[in-house]
Amino acid sequence: MQQNDPYQTRVAVNASKQSSKYKSADTTATTDKNMQVSHRSKRPVSKMLLFGALSVGGYGLIFSHQALMTSTYTLGGWHAVLPVGTAFGFSFVHGAFASNLLSVIGLEPKKA
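It should be emphasised that the depicted structure is a prediction, and the values quoted were computed from it without experimental measurement.

(A) Fine view of the overall build of the chain. In terms of regular secondary structure, the chain is built from 3 helices and 4 strands. Secondary structure elements of the chain, listed N to C terminal, follow the sequence β-β-β-β-α-α-α. Counting the 112 residues in the chain, one finds 11% classified as buried.

Structure follows, in structure tokens:
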């Protein structure tokens, strides 16, 4: 192992001397990456496949029953809620699929 290897990370936590009116503490902790427990999050492959199948199935149902959807959604009155509900449902399912797909690929947001 090289000393200047950019892929090796060393985590060091140094707590300075803290004093209060009751007691004084001087703690210094140094943690090496080799000593840390490796935490690797499980990739949500099953969720991705589930939401992907729901998305494809939903689009298949919509396109295979276009006449029924059009006649039902254009009746007016309380039926105006149906297209809005359908849009929210597809948005949720497709968004969950896309989020899980990006997690499986390995694209995660930056940690602050």
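(B) Local environment of the packing of aromatic side chains. Under the counting rule described, the total for this entry stands at 3 aromatic pairs. Plain terms: the ring middles of F51 and F92 are 6.2 Å apart, the flat faces sit at 85 degrees to each other, and that makes the pair edge-to-face. Of this pair, F51 sits in helix α1 (residues 45–64) while F92 sits in helix α3 (residues 81–105), and the two are 41 residues apart along the sequence. Assessed through its relative accessible area of 17%, F51 is described here as buried. Residue class for F92 comes out exposed when judged on its relative accessible area of 55%. Between the aromatic rings of Y59 and F63, the centroid separation amounts to 6.4 Å while the plane-to-plane angle is 20 degrees, which identifies the pairing as stacked. One end of the pair is Y59 and the other is F63, both in helix α1 and 4 residues apart, which spans about a single turn. According to the relative accessible area criterion, Y59 is partly exposed, its value standing at 37%. Given the relative accessible area of 56%, F63 is considered exposed. Grouped by ring-pair contacts, the aromatic residues Y59, F63 and F90 constitute a single cluster.

(C) Representation of the side chain of N100. When you line up the elements, N100 lands in helix α3. What makes N100 buried here is its relative accessible area of 11%. Of note is the side chain of N100, whose polar atom sits 3.0 Å from the backbone oxygen of A96. The contact partners of N100, leaving out residues within four places of it in the chain, are P44, K47, M48 and F51.

(D) A look at a nonpolar patch on the surface. Together, L101, L102, I105 and L107 make up a nonpolar patch on the protein surface, roughly 350 Å² of accessible area in all. Take L102: it is sitting in helix α3.

(E) Expanded view of the environment of L50. With respect to the secondary-structure elements, L50 resides in helix α1. Look at L50 and you get partly exposed, because its relative accessible area is 48%. C-alpha separation for the pair L50 and V93, spaced 43 residues apart in sequence, amounts to 9.5 Å.

Definitions and limits used
- Residues numbered from 1 in each chain as written.
- Predicted model: local features only at pLDDT ≥ 70, side-chain atom pairs only at ≥ 80, totals over all residues.
- Heavy atoms only, no water.
- Helix = DSSP H or I, 4+ residues; strand = E, 2+ residues; numbered from the N terminus.
- Buried < 20%, exposed > 50% of the residue type's maximum accessible area, 1.4 Å probe, protein only.
- Phe/Tyr/Trp six-rings, centres within 6.5 Å; stacked < 30°, edge-to-face > 60°.
- Polar contact = N/O pair within 3.5 Å; in protein donor to acceptor, adjacent residues only side chain to side chain.
- Contact = heavy atoms within 4.5 Å.
- Patch = residues over 30% accessible without salt bridge, like charges linked within 9 Å, V, L, I, M, F, W, Y side chains within 5 Å.
- Areas by Shrake-Rupley, 256 points an atom, 1.4 Å probe, with all protein chains shown as cover.
- Salt bridge = Lys/Arg side-chain N within 4 Å of Asp/Glu carboxyl O.

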